[in-house]
Amino acid sequence: MFNKILLASDGSEHAIRAAEKALLLAGNNPNASIDIVYVVDGDKSKADVLHNWNSIDIDQKRKEKLTFTEQKVKRAGVDYQIKVIHGEPGPSIVKYANQNDFDVCVIGSRGLNSLQEMVLGSVSHKVAKRANCPVLIVK
């Protein structure tokens, strides 16, 4: 059974399916907790600033991407926390996972950035290669 679960999420369909699998891994374990991690990419962050004059609006839009996932985890009664970290998604998720000694990392096979996935290799692939814990990639 998994106690400490990392769920990397960007609000995409694959991330929502990953959330469902993370909840299955948590099962009925009263000791299970899920860290929902959302990474703010530097390039995306610059675009957000250009399109929104108010930092409160930017934060609100980021939180909205995780609303559905957060509701699922709340309904399941699993202890959770949301972490927003900054940087390139793949390396940032790996760093967070390795620094916090997770039992498993759950991530969608594709996220919202399909161009990066085709050109540079997917975030999930980078995480699977470099994370110290088992990685479940959800299609």
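Basis of the calculations
- Residues numbered from 1 in each chain as written.
- Predicted model: local features only at pLDDT ≥ 70, side-chain atom pairs only at ≥ 80, totals over all residues.
- Heavy atoms only, no water.
- UniProt positions renumbered as here; feature names shortened; annotations may be inferred.
- Helix = DSSP H or I, 4+ residues; strand = E, 2+ residues; numbered from the N terminus.
- Buried < 20%, exposed > 50% of the residue type's maximum accessible area, 1.4 Å probe, protein only.
- pLDDT = per-residue confidence, 0-100.
- Contact = heavy atoms within 4.5 Å.
- Pairing = 2+ DSSP bridges.
- Axes fitted to C-alpha atoms, helices over the stretch in contact; angles between N-to-C directions.
- Polar contact = N/O pair within 3.5 Å; in protein donor to acceptor, adjacent residues only side chain to side chain.

- Looking up the protein chain in an unreviewed UniProt entry gives the name Nucleotide-binding universal stress protein, UspA family, with the organism given as Sediminibacillus albus.
- UniProt lists a comment for the protein chain under the heading Sequence similarities (unreviewed entry), and it reads "Belongs to the universal stress protein A family."

Description of the environment of Val40
Phase 1: Inspection of the secondary structure puts Val40 in strand S2 (residues 33-40).
Phase 2: Relative accessible area serves as the criterion here: at 4%, Val40 is assigned to the buried category.
Phase 3: A sequence separation of 44 residues divides Val40 from Val84, and the C-alpha atoms of the two residues are 7.0 Å apart.

Structural notes on the confidence of the model for the protein chain
Phase 1: Predicted confidence across the protein chain gives a mean pLDDT of 85, with 77% of residues reaching 70 or more.
Phase 2: Looking across the protein chain, the model is least confident in helix H5 (residues 114-120), with a mean pLDDT of 46, and most confident in strand S1 (residues 4-8), with 98.
Phase 3: This model gives residues 115-120 a pLDDT under 50, and the stretch forms nine contacts once residues within four places in sequence are excluded.

Quick notes on the sheet that holds strand S5 (residues 135-138)
Phase 1: A sheet is described by the order of its strands in space; here five strands give the open sequence S3-S2-S1-S4-S5, paired in parallel fashion. In this open sheet, the two strands that pair with only one neighbour each are strand S3 (79-86) and S5. Neighbour-to-neighbour, the strand axes of the sheet open up by a mean angle of 20°, direction not taken into account.
Phase 2: Relative to S2, S1 is paired through five bridges, and the arrangement is parallel.

Things to note about the environment of Asp35
Phase 1: Following the sequence through the fold, Asp35 ends up in strand S2.
Phase 2: The exposure class of Asp35 is buried, given its relative accessible area of 6%.
Phase 3: For Asp35 and Lys4, which are 31 residues apart along the polypeptide, the C-alpha to C-alpha distance reads 7.8 Å.
Phase 4: Excluding anything up to four places from it in sequence, Asp35 contacts Ile5, Leu6, Leu7, Gln81, Tyr96 and Phe102.
Phase 5: One polar contact links Asp35 to Tyr96, side chain to side chain, over a distance of 2.7 Å.

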